[in-house]
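# Structural characterization, general
Below are the chains, spelled out letter by letter.
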Amino acid sequence: MNLIITTRKHSYLIDEKDLATVELGSSAFSPAENKLYLVLNPGELTEICSNVLPVDTAAALAEAIAEGGDITVTQNIDAPTGFTVTTDTNIIVCGIISVSEDTEGNGVFMVTEGTLTLDGDGIVNGLGNNDWSMALWAKDNGRIVVNGGHYTNVGASSEADSEHFDLVYASGNAQIEINGGEFECETPRWTLNIKDNSRETASIVVKGGKFHGFNPADCDTEGEHTNFVAPGYKVVETNGIFEVIPE
């Protein structure tokens, strides 16, 4: 069994043989197996969840998602198709999750029920062998919460329509909440999008994150001057990157 330890900027594995002690500044810590810790302050390690399931293959990730719970992706994974989430699932992405040969185009993660929470410093790459190349799709009664990570579909192409690739998409009664992360879409105008006939029922709310070439407080995906940013937050632009921060 492995132990996952994360800091604010880095995630790394400690093998079983190294479980005896972890150096934290001038002190030593004896961690338990299969638990996730966060360094909140120098020299302090706080357990944030237990029974963490580390996965390193597409098959293992699909199996873990079917069960739900806490998952940490420890290696790069290129899956043949995206993953459907139907129950509460928390995923910390430490590597790259991609679907380069996917022909379905339902997103790397498609959530139809329950809540998918995404965190970590890894990459979710929606670029696939299809006409959509979405990274995230919340549909029906699904909910997605993004706290960290890098989401991209740069390089996407389509004979049908190369001017429109949704990166983060909501439909039905779905909800998407973005508290952090970085978003880079092949067609920046469509970084965030709600299906036209779901505008009264689906929602995307932004409370953080960095968006390349896309202002989530003033765009036109749902009509002129669409504003996805929650009250109490604002957008600051630097060299074409729009960052959402508290007011």
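Let me sum up the structure you'll find in this document. All figures in this text were calculated on a predicted structure; none of them were measured in a lab. (Residues numbered from 1 in each chain as written. Predicted model: local features only at pLDDT ≥ 70, side-chain atom pairs only at ≥ 80, totals over all residues. Heavy atoms only, no water.)

### Comments concerning the overall build of the protein chain
- Helices and strands together make up the secondary structure of the protein chain, namely one helix and 26 strands.
- A total of 247 residues make up the protein chain; the buried ones form 47% of that total.
- Considering only residue pairs separated by 6 or more positions, the protein chain has 57% of its internal contacts joining residues 24 or more positions apart.
- When the accessible surface of the protein chain is totalled, it reaches about 11,800 Å², and 45% of it is carbon and sulfur. (Helix = DSSP H or I, 4+ residues; strand = E, 2+ residues; numbered from the N terminus. Buried < 20%, exposed > 50% of the residue type's maximum accessible area, 1.4 Å probe, protein only. Contact = heavy atoms within 4.5 Å. Areas by Shrake-Rupley, 256 points an atom, 1.4 Å probe, with all protein chains shown as cover.)

### Some thoughts on the sheet that holds strand 10 (residues 83–85)
- Reading across the sheet, the five strands line up as 10-13-16-19-22 and stay open at both edges, with parallel pairing between neighbours. Of all strands in the sheet, those with a lone pairing partner are strand 10 and strand 22 (192–194), marking the two edges. When the angles between neighbouring strand axes are averaged without regard to direction, this sheet yields 15°.
- In terms of strand pairing, strand 19 (residues 168–170) meets strand 22 through three bridges, oriented parallel. (Pairing = 2+ DSSP bridges. Axes fitted to C-alpha atoms, helices over the stretch in contact; angles between N-to-C directions.)

### Overview of the side chain of Ser 198
- Structurally, Ser 198 is set in the loop between strand 22 and strand 23 (203–206).
- Overall, Ser 198 belongs to the buried group, its relative accessible area being 5%.
- Looking at Ser 198, its side chain comes within polar contact range of the main-chain nitrogen of Gly 172, at 2.9 Å.
- Filtering out sequence-adjacent residues up to four positions away, Ser 198 remains in contact with Ser 171 and Gly 172. (Polar contact = N/O pair within 3.5 Å; in protein donor to acceptor, adjacent residues only side chain to side chain.)

### What to know about the environment of Gly 232
- Mapping Gly 232 onto the fold places it in the loop between strand 24 (209–212) and strand 25 (233–238).
- Overall, Gly 232 belongs to the partly exposed group, its relative accessible area being 38%.
- For the pair formed by Gly 232 and Glu 247, sequence separation is 15 residues and the distance between their alpha carbons is 5.5 Å.
- Among residues more than four places away in sequence, those in contact with Gly 232 are Pro 246 and Glu 247.

### A look at the sheet that holds strand 18 (residues 150–152)
- Reading across the sheet, the eight strands line up as 9-12-15-18-21-24-26-25 and stay open at both edges, with mixed pairing between neighbours. Two strands close off the open sheet at either side, each with one partner strand: strand 9 (77–78) and strand 25.
- In the sheet, strand 21 (residues 182–184) pairs with strand 24 via two bridges, with the strands oriented parallel. Each bridged residue has a counterpart across the sheet, and for Glu 182 the counterpart in strand 24 is Lys 210.

### Some points on the packing of aromatic side chains
- Counted according to the given criterion, the structure contains five aromatic pairs.
- Every member of this aromatic cluster is reached through a ring pair, and the members are Tyr 151, Phe 183, Phe 211 and Phe 214. (Phe/Tyr/Trp six-rings, centres within 6.5 Å; stacked < 30°, edge-to-face > 60°.)

### Some remarks on the pattern of salt bridges
- Using the criterion set out here, one finds four salt bridges in the structure.
- Arg 189 is the partner of Asp 220 in a salt bridge, and the nearest nitrogen-oxygen pair spans 3.0 Å. On the criterion of sequence distance, the pair formed by Asp 220 in the loop between strand 24 and strand 25 and Arg 189 in the loop between strand 21 and strand 22 is long-range, its members being 31 residues apart.
- Judged by relative accessible area, which is 46%, Arg 189 ranks as partly exposed.
- Close ionic contact of Asp 196 with Arg 199 constitutes a salt bridge, the shortest N to O distance being 3.0 Å.
- When its relative accessible area of 55% is taken as the criterion, Asp 196 is described as exposed.
- The class for Arg 199 is partly exposed, based on a relative accessible area of 38%. (Salt bridge = Lys/Arg side-chain N within 4 Å of Asp/Glu carboxyl O.)

### Focus: helix 1 (residues 58–67)
- When we look at burial in helix 1, the residues that qualify are Ala 58, Leu 61, Ala 64 and Ile 65. Looking down the long axis of helix 1, one finds its buried residues gathered within 125° of arc, a one-sided arrangement. Summarising the geometry of helix 1, the exposed residues directed more than 90 degrees from the buried face are Ala 59, Glu 63, Ala 66 and Glu 67.
- Phi turns positive, to about 80°, at Gly 68, one or two residues after helix 1. (Arc of directions from axis to C-beta.)

### As for a negative patch on the surface
- A contiguous patch of negative charge, built from Asp 131, Glu 159, Asp 161 and Glu 163, is present on the exposed surface.
- Residue placement: Glu 159 occurs in the loop between strand 18 and strand 19.
- Here Glu 159 falls in the exposed class, since its relative accessible area comes to 87%. (Patch = residues over 30% accessible without salt bridge, like charges linked within 9 Å, V, L, I, M, F, W, Y side chains within 5 Å. Lys, Arg positive; Asp, Glu negative; His and termini not counted. Charge placed at Lys NZ, Arg CZ, Asp CG, Glu CD.)

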